Amino acid sequence: MLMAEQFEKPEIENSSSLLEMKNVTVVRGGKKILDSVSLSINPGEHVAIIGPNGSGKSSLIKTLTKEYHPLAAADGLVLKIMGKETWNVFELRKLLGIVSGELQQTCCRRIGVLDVVLSGFFSSIGIYYNHEVTPEMEARAEEVLDFLEISHLEERPMCELSTGEARRVLIGRALVHDPQALFLDEPANSLDLKALHGFRESVRKIALSGKSVILVTHNLQDVIPEISRVVLIKEGKIFRDGKKEEILTDANLSELFSLPVKVLEKEGYYQAWS
Ligand SMILES: Nc1ncnc2c1ncn2[C@@H]1O[C@H](COP(=O)(O)OP(=O)(O)OP(=O)(O)O)[C@@H](O)[C@H]1O
């Protein structure tokens, strides 16, 4: 992953924090969907944000990507990403590689895999007449496909790929611009066992390469062993935050999901039974 250094990047302040949120409240449809959220994540840290359906996980990501805006009037509001409060949205989205089911649906068109990966340079979906794709960009896209072991898919259209293959291509799109962090929103939904295994191995490789992996999920099975910190979110509030082993307990998960839950750990992976 050396060639990424050749590409122009926005100036990032020398920050000790990848992400700093204090008192972030977001209101949508007359309801607080994030309620005084305070969360700080360091560069290189791998974190799982876990919560039930409707707890505010996607809203948290949308707040980071400036799709949702916090209530400016909140006391002591801080929302800094890589030390900065104000961002050009396109630059920001390049620096935060985001992979979600929503993005996968948007990309499910007759666009070739290589173009989808290249479009990560332009924060677009597909390549258009005004995009200048350089040989260096193509080489970088090929390098990313190779890193993710999906070079054989390069010429296939996205709409013909399996869910697992498409998910990995979107990781490639997110990685092509060498982001500081990879944000995965419900990444393993609808993957079968083999696809799940391949997907986890790719994410583990990225985590070990030094990038932050921020995983947002309701499924404990998605939590790769490299993740050491878990944040539980319930009804738009941070409910627990700490070391994975201390947070993923029967008591915490039962309270989070409002039903009796048993947590099992095996070889660094977790599962919840109810
Ligand atoms: N634009 C919006 N307008 C109105 N309500 C919204 C909006 N976006 C989110 N919400 C509400 O905010 C709450 C949190 O939604 P969010 O999508 O963040 O949950 P989630 O934890 O990602 O859920 P899931 O696991 O089902 O994807 C839900 O009650 C949802 O209906």
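Presented here is a report on the structure given in the accompanying data block. (Residues numbered from 1 in each chain as written. Predicted model: local features only at pLDDT ≥ 70, side-chain atom pairs only at ≥ 80, totals over all residues. Heavy atoms only, no water.)

## Regarding helix H9 (residues 250-257)
Inspection of H9 places Asn252, Leu253, Ser254 and Leu256 among the buried residues, and these make up the whole buried set. Residues of H9 that are buried sit in contact with strand E3 (47-50), strand E8 (229-234), strand E9 (237-243), helix H8 (244-247) and strand E10 (262-266). In the stretch just after H9, Ser258 is the one whose phi turns positive, near 55 degrees. (Buried < 20%, exposed > 50% of the residue type's maximum accessible area, 1.4 Å probe, protein only. Helix = DSSP H or I, 4+ residues; strand = E, 2+ residues; numbered from the N terminus. Contact = heavy atoms within 4.5 Å.)

## Focus: the sheet that holds E8
Through backbone hydrogen bonds, the strands of a sheet pair up, either in parallel or in antiparallel fashion. Pairing in this open sheet of six strands is mixed, and the strands run E5-E6-E7-E3-E8-E9 from one edge to the other. Of all strands in the sheet, those bounded by a partner on one side alone are strand E5 (96-100) and E9. Neighbour to neighbour, the strand axes of the sheet diverge by 15 degrees on average, direction disregarded. (Pairing = 2+ DSSP bridges. Axes fitted to C-alpha atoms, helices over the stretch in contact; angles between N-to-C directions.)

## Let's talk about the environment of Leu96
You can see Leu96 is positioned in strand E5. The spacing of Leu96 and Asp178 is 82 residues in sequence and 9.2 Å in space, taken between C-alpha atoms. The residues contacting Leu96, other than those within four sequence positions of it, are Leu64, Ile81, Met82, Pro179, Ala181 and Phe183.

## What about the site of the ligand?
Residues in close proximity to the ligand total 13 residues, the closest being Ile33, Gly54, Lys57, Ser58 and Ser59. One of the side-chain nitrogen or oxygen atoms of Ser58 is found 2.8 Å away from an oxygen atom of the ligand. In isolation the ligand offers 630 Å² of accessible surface; the protein chains occlude 64% of this area. Elements that contribute at least two residues to the shell around the ligand include exactly strand E2 (31-41) and helix H1 (57-64). Within the shell around the ligand, the residues separate by chemical class into three nonpolar, six polar and four charged. (Near = heavy atom within 4 Å. Polar contact = N/O pair within 3.5 Å; in protein donor to acceptor, adjacent residues only side chain to side chain. Areas by Shrake-Rupley, 256 points an atom, 1.4 Å probe, with all protein chains shown as cover. Nonpolar A, V, L, I, M, F, W, Y, C, P; charged D, E, K, R; others polar.)

## Digging into the nonpolar core
The nonpolar side chains of soluble globular proteins are, as a tendency, buried together. Counting residues in each nonpolar core, the largest one holds 56 residues, and the members touching the most others are Ile50, Met158, Val169 and Ile171. Residues contacting Ile171, with those up to four places away along its chain left out, are Val99, Leu148, Leu182, Leu184, Phe199, Val203 and Ile206. With 30 residues, the next largest nonpolar core counts Ile49, Leu64, Ile81 and Ile214 among its residues. (Core = buried A, V, L, I, M, F, W, Y, C linked by side-chain atoms within 4.5 Å.)

## Some remarks on the packing of aromatic side chains
Within the structure shown, the criterion is met by zero aromatic pairs. Taking NZ or CZ as reference, Lys234 lies 5.8 Å from the ring centre of Phe239, over its face. A cation over a ring is seen here: Arg240 above Phe239, with NZ or CZ 4.3 Å from the ring centre. (Phe/Tyr/Trp six-rings, centres within 6.5 Å; stacked < 30°, edge-to-face > 60°. Lys NZ or Arg CZ within 6 Å of the ring centre and 35° of its normal.)

## Looking at the side chain of Asp35
With respect to the secondary-structure elements, Asp35 resides in strand E2. The residues contacting Asp35, other than those within four sequence positions of it, are Val24, Thr25, Gly236 and Lys237.

## Quick look at the packing of helix H6 (residues 163-175) against helix H7 (residues 193-208)
Relative to each other, H6 and H7 sit at 15 degrees, their axes nearing to 9 Å. It follows from the interaxial angle that H6 and H7 lie roughly parallel. In terms of crossing hand, the pair formed by H6 and H7 is right-handed. When H6 is examined against H7, the residues Gly164, Arg167, Arg168, Ile171 and Leu175 are found in contact with a partner set consisting of Ala195, Gly198, Phe199, Ser202, Val203 and Ile206. Split into classes, the residues belonging to the contact of H6 with H7 amount to six nonpolar, three polar and two charged. (Parallel < 35°, antiparallel > 145°, perpendicular 65-115°, else oblique. Left-handed = near helix turned anticlockwise from the far one by under 90°.)

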